[in-house]
Amino acid sequence: MSLLQAYSSLSSNSPRATLSHTFHSIAAAPLIDPPSCKALIQLILDDLQTVVVDESPSRFTRADALSALAAVKGLGKIPHGAQVLASVPNLKCLMTLALKLETTPDASNEALKCIANTLLLSEPARTRLLSQEIDGGNICVDLLQKSTTPENTFLSSRILFLCTASSHQSASFIESIVETKRAANGTIIDIIALKLDDLTTSMQAGIKMSRDAMTDLLKLAFNLLVHYPKLAPSEVQSPALAASLDDQKVMGDFWNSRLDGILPPLVRAFQAIPLSSPNPLTSPLTHIIHSLITIPVDASSRAIWFGTRPSSHPNTTQPSSPESTPSLLAGSSRDNQTTPKEPKARHFERAISSVISAGRRSFSRSSRSASPPAADCASRAYELLGTTLAHFLPGDIDPDDPAVRDLCQIDGDTSLDEIVCPLVLLITRFCLGDDNAKTRLRQWLVPESLDRTHPLEKRADLLGRCLRLLASVYHTRLKDAMGEMLYAMCDSNATTLAGYFGYGNVAGFLFHKGVVSAPPASATSGGPPITASGLPINPITGTVEHPSESIDMTDEEKEHEAEKLFVLFDRLEKTGALPPSQNPYRKAFQEGKMG
């Protein structure tokens, strides 16, 4: 007997054990033919409507709603089943069930899981849920506001995240929830801010599902931060972007002051959530960084970003010898819960360009609310970068070594570009938006006491890893982002950049910036001409310049070496490898410099 026949044969008089067994069989069924799946899922939903909403007798009682919804959830994971659940009447039924069963949290959550799974599999369902007939978006905002457990927060955040994924489909809804205050609880930004603080505390306590809830809440926040400034009149962060079309705008192009309240709790979470080890850049920290990238760094928000007394030294001190490596950050995560795989980052090339354009401006925006955190985001970001690169690029390994890519795959089937680029971009924004942060970051990376007796690019520390990435062939996005970060640290000045790191290390980056030769030394450039001990610095290598030793050769030996060079250049010219005009000996003869 098929599962459809087995369920259809049930009645209100069927033994409870039979009912329970049938529901379990449906939920655990590996594959059901499409017609039976559609018919069965509709039949169970109709019975749930009858029992819970209409309060009339049916095949089962209200006490069996959890088992019935678990069966619906199992069928809804099949595309054919999701199509049935995606209809307006069925979505409305599930949302009503979630509200009617609030006194039975497990059953209510099961109804929300059915909705979330349906939205994941069916994009049209997302628009239908936001329709006036269902009003599911506003219902979920209310559920998020009232949520008291990480699971409640996770489910309502997941639904809202999926509903706001497309600004074209949810434009009016996004504008409404950002601009509409809900009694004493404020707008969706205020609600998210409160939940971020709650979940930060829950993660520190290791409460189950707090990490998952934080991840999906941050995905929702990111959607709002990216979409709302493009929908409402907003402040352009770069004049060059004013004429851009809406579908060409990306995160960071515009900002609206209605979103200001999200920054303080994001900064607190950035500073306080437990970190995973050995790679700290995992969700939800990566999602925090994605959201922070969209927010301007300017004078009005400086105290929130960097505290009233910014740190003069990061917790991870800059090693003075090339053999040293940064120590791991304190506070490694003890919460080993698995988390959903985050979506791949996109548009970083455009985002980097937006950051550069936003450069040195500050907006006359009113100061952001909430007391500023005492911690310094620049110091935290620098520590995270040092720890992350130390994990993926141990010692002085070449970034293009296959072992690096293998480690990234082990760490989550991803690439170094996707893992590190957002953090590098955030540090770049700090450098461009705040001169004090820029100076401190540069001093940490290349302090005056830096040991310049060894090649900078061969150092087994953060500086060496950054410079080796500039020559990477495989990690192209990270190479570009790293170059922009170092460039921003050096006042966006090619001469200063070459002065600190050596022209040889940054020549490739500067070539792509249009600087095709070593920039001239300038008395006004910030690059150090000498070390702290007074030794001159080679402008090409960035290391201590040693005086060249005189070559002790007799005149006869010099003449012999000259003959060897003449033969070599003559041979190159005859084989066509060297044009005659480029032969130094021919040029010397023509100019009369040789008798």
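Summarised in this report is the structure supplied together with it. Just so it is clear, the model here is predicted, and its values are computed rather than measured.

What counts, and where the lines are drawn
Residues numbered from 1 in each chain as written. Predicted model: local features only at pLDDT ≥ 70, side-chain atom pairs only at ≥ 80, totals over all residues. Heavy atoms only, no water. Helix = DSSP H or I, 4+ residues; strand = E, 2+ residues; numbered from the N terminus. Buried < 20%, exposed > 50% of the residue type's maximum accessible area, 1.4 Å probe, protein only. Contact = heavy atoms within 4.5 Å. Areas by Shrake-Rupley, 256 points an atom, 1.4 Å probe, with all protein chains shown as cover. Disulfide = S-S within 2.5 Å. Phe/Tyr/Trp six-rings, centres within 6.5 Å; stacked < 30°, edge-to-face > 60°. Polar contact = N/O pair within 3.5 Å; in protein donor to acceptor, adjacent residues only side chain to side chain. Core = buried A, V, L, I, M, F, W, Y, C linked by side-chain atoms within 4.5 Å. Salt bridge = Lys/Arg side-chain N within 4 Å of Asp/Glu carboxyl O.

### Some thoughts on the overall build of the protein chain
Tallying secondary structure elements over the protein chain gives 27 helices and two strands in all. Buried residues in the protein chain amount to 52% of all 595 residues. Excluding contacts between residues fewer than 6 apart, the proportion of contacts in the protein chain whose partners are at least 24 apart in sequence is 73%. For the protein chain, the accessible surface area stands at approximately 27000 Å², while carbon and sulfur atoms represent 53% of it.

### Focus: the state of the cysteines
This model, assessed by the stated rule, comprises zero disulfides. A disulfide-free cysteine, Cys93 has its sulfur positioned 10.0 Å from the sulfur of Cys114, the nearest such atom. The class for Cys93 is buried, based on a relative accessible area of 6%.

### Section: the packing of aromatic side chains
Overall, the coordinates contain seven aromatic pairs when judged by the stated rule. Ring centres 5.5 Å apart and planes at 75 degrees place the aromatic pair Phe23 and Phe60 in the edge-to-face group. With Phe23 in helix H2 (residues 16–28) and Phe60 in the loop between helix H3 (34–53) and helix H4 (65–76), this pair connects stretches of sequence that are 37 residues apart. For Phe60, a relative accessible area of 4% gives the class buried.

### Quick look at the environment of Arg440
With respect to the secondary-structure elements, Arg440 resides in helix H21 (residues 435–445). Distance from Arg440 to Pro314, taken between C-alpha atoms, is 9.1 Å for residues 126 residues apart in sequence. A distance of 2.4 Å separates polar atoms of two side chains, one belonging to Arg440 and the other to Asp376.

### Overview of unusual backbone geometry
Put simply, Ser277 and Pro278 share a cis peptide bond, and its omega is 10 degrees. Omega for the peptide link from Ser283 to Pro284 comes to 5 degrees, which places this bond in the cis form. Following the sequence through the fold, Pro284 ends up in the loop between helix H14 (263–272) and helix H15 (285–293). In the Ramachandran plot, Asp135 falls in the positive-phi region, its phi being about 60 degrees despite a non-glycine side chain. In the Ramachandran plot, Met209 falls in the positive-phi region, its phi being about 70 degrees despite a non-glycine side chain.

### As for the environment of Leu112
Mapped onto the fold, Leu112 is located in helix H7 (residues 105–121). Given a relative accessible area of 4%, Leu112 falls into the buried group. Taking the C-alpha atoms as reference, Leu112 lies 8.8 Å from Leu97; in sequence the two are 15 residues apart. The residues touching Leu112, leaving out its near neighbours within four places in the chain, are Ala98, Leu143, Leu155 and Ile159.

### Notes on the nonpolar core
Core analysis: the biggest nonpolar cluster contains 154 residues, and Ile44, Leu48, Phe270, Trp305, Phe430 and Phe501 have the highest contact counts within it. It is helix H20 (residues 416–433) that provides the largest number of residues to this core, a total of twelve residues. If we skip the residues at most four places from it in the chain, Phe501 touches Leu445, Val446, Leu456, Leu463, Leu467, Leu486, Cys490, Val506, Thr541 and Gly542.

### Regarding the pattern of salt bridges
Applying the stated criterion across every chain, the model contains 18 salt bridges. Put simply, Asp216 and Arg158 hold a salt bridge, and the shortest N to O gap is 2.4 Å. Of this pair, Asp216 sits in helix H13 (residues 210–231) while Arg158 sits in helix H10 (residues 150–163), and the two are 58 residues apart along the sequence. Asp216 sits in the buried class, given a relative accessible area of 0%. On the basis of relative accessibility, which here comes to 17%, the residue Arg158 falls in the buried class. Across the pair Asp197 and Arg268 runs a salt bridge whose closest N-O atoms are separated by 3.0 Å. Separated by 71 residues along the polypeptide, Asp197 in helix H12 (residues 188–204) and Arg268 in helix H14 bring together distant segments of the chain. You can call Arg268 partly exposed: its relative accessible area is 29%.

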